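# Summary of the model geometry
So the chains spell out like this:
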Amino acid sequence: MRPFRSIALLVAAVPALAFAQGAAPAQPPATPGAPASVGPETTAPSSTAPGEPPERSRTQRDAPAVPQAAPETPAAPPASRPGPGTSSDDEDDTAAPASAPASTGPTSGIAPAADAPVLESQESSGEAPRTTDAQQQRLVNGAPLYNPNVNVHIVQKKRFADEGKHELVLYPGVVQVNGKFTNHAGTALHYVYHLQENFALQVGGQYNWYSDESDFNLELIDKVREQAQAASSLLLQWGAHAGVEVTPLYGKFAFFNNSLAQFSLVLSGGAGIGKTRHLIRPKVANEVDGQTYQVPARFGDTGNKFLGEVGGGFRVQFGESYAIRLEVRDLIYTARVDKVDGCNLGDFEALEAARAANQPFDGLGLSGSCKVAKFDGVDPETKKNYREDIILGRDLVAEPSSDVLNNVSFYAGFSVLF
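Residues numbered from 1 in each chain as written. Predicted model: local features only at pLDDT ≥ 70, side-chain atom pairs only at ≥ 80, totals over all residues. Heavy atoms only, no water.

## Quick word on the packing of aromatic side chains
Tallied over the full model, the rule gives three aromatic pairs. Relative to F314, the ring of F263 has its centre 6.5 Å away and its plane inclined at 55°; by these criteria the two rings are tilted. In this pair, F263 is assigned in strand 7 (residues 259–281) and F314 in strand 10 (residues 298–318), connecting sequence segments 51 residues apart. The exposure class of F314 is partly exposed, given its relative accessible area of 47%. With 5.3 Å between their ring centres and 85° between their planes, F348 and F375 make a pair best called edge-to-face. Placement of F348 in helix 8 (residues 345–356) and of F375 in the loop between helix 8 and helix 9 (390–398) is noted, with a sequence separation of 27 residues between them. F375 carries the same exposure label as F348, and that label is buried. Seen from the ring of F375, R298 lies directly overhead, with NZ or CZ sitting 5.0 Å from the centre. The ring centre of F361 lies 4.0 Å from the NZ or CZ of R387, which sits over that ring. (Phe/Tyr/Trp six-rings, centres within 6.5 Å; stacked < 30°, edge-to-face > 60°. Helix = DSSP H or I, 4+ residues; strand = E, 2+ residues; numbered from the N terminus. Buried < 20%, exposed > 50% of the residue type's maximum accessible area, 1.4 Å probe, protein only. Lys NZ or Arg CZ within 6 Å of the ring centre and 35° of its normal.)

## With respect to helix 8
For helix 8, with twelve residues, the first-to-last C-alpha span of 17 Å sits near the 16 Å given by 1.5 Å per residue. For helix 8, the full list of buried residues reads D347, F348, L351, E352 and A354. The buried residues of helix 8 occupy an angular sector of 165° when projected down its axis, which confines them to one face. Buried residues in helix 8 make contact with helix 9. (Expected span 1.5 Å × (residues − 1). Arc of directions from axis to C-beta. Contact = heavy atoms within 4.5 Å.)

## Section: empty space enclosed by the protein
To find the voids left in a structure, one rolls a probe of water-molecule size over its atoms. For the structure on display, the rule yields one cavity of 30 Å³ or more. Every residue along the wall of the largest cavity is listed here: H190, G205, Q206, G239, H241, L307, L331 and Y411. Of all the secondary-structure elements, those providing two or more residues to the lining of the largest cavity are strand 5 (199–213) and strand 6 (235–255). In terms of residue class, the lining of the largest cavity is built from three nonpolar, five polar and no charged. (1 Å grid on protein atoms, 1.4 Å probe; cavity = no way out; pocket = protein on both sides within 12 Å on 5 of 7 lines; lining within 4 Å. Points joined across faces, edges and corners; volume = space filled by probe spheres on them. Nonpolar A, V, L, I, M, F, W, Y, C, P; charged D, E, K, R; others polar.)

## A closer look at the packing of helix 8 against helix 9
Two elements in contact, helix 8 and helix 9, have axes whose closest approach is 9 Å; the angle formed by their N-to-C orientations is 155°. When the axis of helix 8 is compared with that of helix 9, the two are roughly antiparallel. As helix 8 runs across helix 9, the sense of the crossing is left-handed. On helix 9, the residues touching L345, F348, E349, L351, E352 and R355 of helix 8 are I390, I391, G393, R394, V397 and A398. Residue composition of the contact of helix 8 with helix 9, grouped by class: seven nonpolar, one polar and four charged. (Axes fitted to C-alpha atoms, helices over the stretch in contact; angles between N-to-C directions. Parallel < 35°, antiparallel > 145°, perpendicular 65-115°, else oblique. Left-handed = near helix turned anticlockwise from the far one by under 90°.)

## Points about the environment of V174
By the secondary structure assignment, V174 is in strand 3 (residues 166–176). Assessed through its relative accessible area of 2%, V174 is described here as buried. Sequence spacing of V174 and G413 is 239 residues, and the spatial spacing of their C-alpha atoms is 8.9 Å. What V174 contacts, discounting residues up to four positions off in sequence, is H184, A185, G186, T187, A188, Q206, S409, F410 and Y411.

## Observations concerning the pattern of salt bridges
Per the counting criterion, the structure on display carries 16 salt bridges. R355 serves as the salt-bridge partner of E352, at 2.8 Å between the closest nitrogen and oxygen. In this pair, E352 and R355 both sit in helix 8, three residues apart, roughly one turn of the helix. Classification of R355 as partly exposed rests on a relative accessible area of 32%. The partner of E388 in a salt bridge is K384, with the nearest N and O atoms 2.5 Å apart. (Salt bridge = Lys/Arg side-chain N within 4 Å of Asp/Glu carboxyl O.)

## Structural notes on the pairing of strand 10
As judged from the 19 bridges shared by strand 7 and strand 10, these two strands associate in the antiparallel manner. Bridge pairing in strand 10 links H278 to G300. Joining the antiparallel neighbours strand 10 and strand 11 (residues 322–334) is a turn of three residues, in which G319 adopts a positive phi near 75°. (Pairing = 2+ DSSP bridges.)

## Overview of the state of the cysteines
Throughout the structure, instances matching the rule amount to one disulfide. Linked covalently through their sulfurs, C343 and C370 form a disulfide whose S-S length is 1.9 Å. Across the S-S bond of C343 and C370 the torsion is about 80°, and the bridge reads as right-handed. Separated by 27 residues along the polypeptide, C343 in the loop between strand 11 and helix 8 and C370 in the loop between helix 8 and helix 9 bring together distant segments of the chain. In this structure C343 comes out as buried when scored by relative accessible area, which is 0%. Given the relative accessible area of 10%, C370 is considered buried. (Disulfide = S-S within 2.5 Å.)

See the structure below:
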């Protein structure tokens, strides 16, 4: 019985093997080093993991592939069988993994990222953008390194140190911004020595080549014969001060896409001295013997005053040696007027008594600082009698004030660092 059963099983197995061989999927085209099929029982080895020794790929075999439906791609011609002298070990040594990745050329089904950098050669040839350089694929803060459409923002230290440097600042234009009763315009020059990165010493001087009463104050004088008190209309001719400058914060910004400039907030303060004057008589027309003369405005010297300075603004530095400064400074000075052209109230009363009696001013016993020539005589060009200004000077010192004035001005200039 046993021989007959073996013969029956053998007969039944032959058609099944033939059917399985006809239904197996088409093999991929042969490539150099790829294993060749030696029969229906032999299958291609699976891909080995990176770094796996070749000995393991020789000893381990995957389970026989289950017959599946044919893929949609057209079947390639079957690989040629090896010759009779080819060993199975040689096949395994030269075999490529069956699951090798497909080509990543332009026809690949994976679309590149929208922000991937484009190589110049691909751009000229019209190929699809792709990244093949490891340096280009490296990301910095989540952005491609060489992508022109992505800006990578980073924080850096200050490019140029200020410690130990000298700075010479020129302000060609200094304009008063709070001129209700006065108007000032001038030029300033400052020297700054940076002791530390955010602390410096400064010395400055300013000359106002224009200082006059405001139009509003002149209109009061012309129409109602009144003018602002000296505490509100004292004019500053020049000033000099010394102090400190601090830089509490600094930063940088980019302009024109490829240039950097650093800016800093500067705060300053100091004290010094300033020379002042006050309007005695505005511009008038003087008529003498039927002829009219234009008499210019008359200002009286009110002496030197204590001067304080506070301010703040921005310094924008381009490169290592040049900077632009935009600041607002408040010059504070006392407005007390107790002398005009060196004459005090007692001097003016003595001069007024001599003028009323038409007497000379010699031998009046005036103070040594009183400039009598400013109030005596007649101007040969305008025929203006200076004795008429005595009463105007007396009114300025009759009611001295202890107030202070705030001369707030805008400073625009540039500096050189060395």
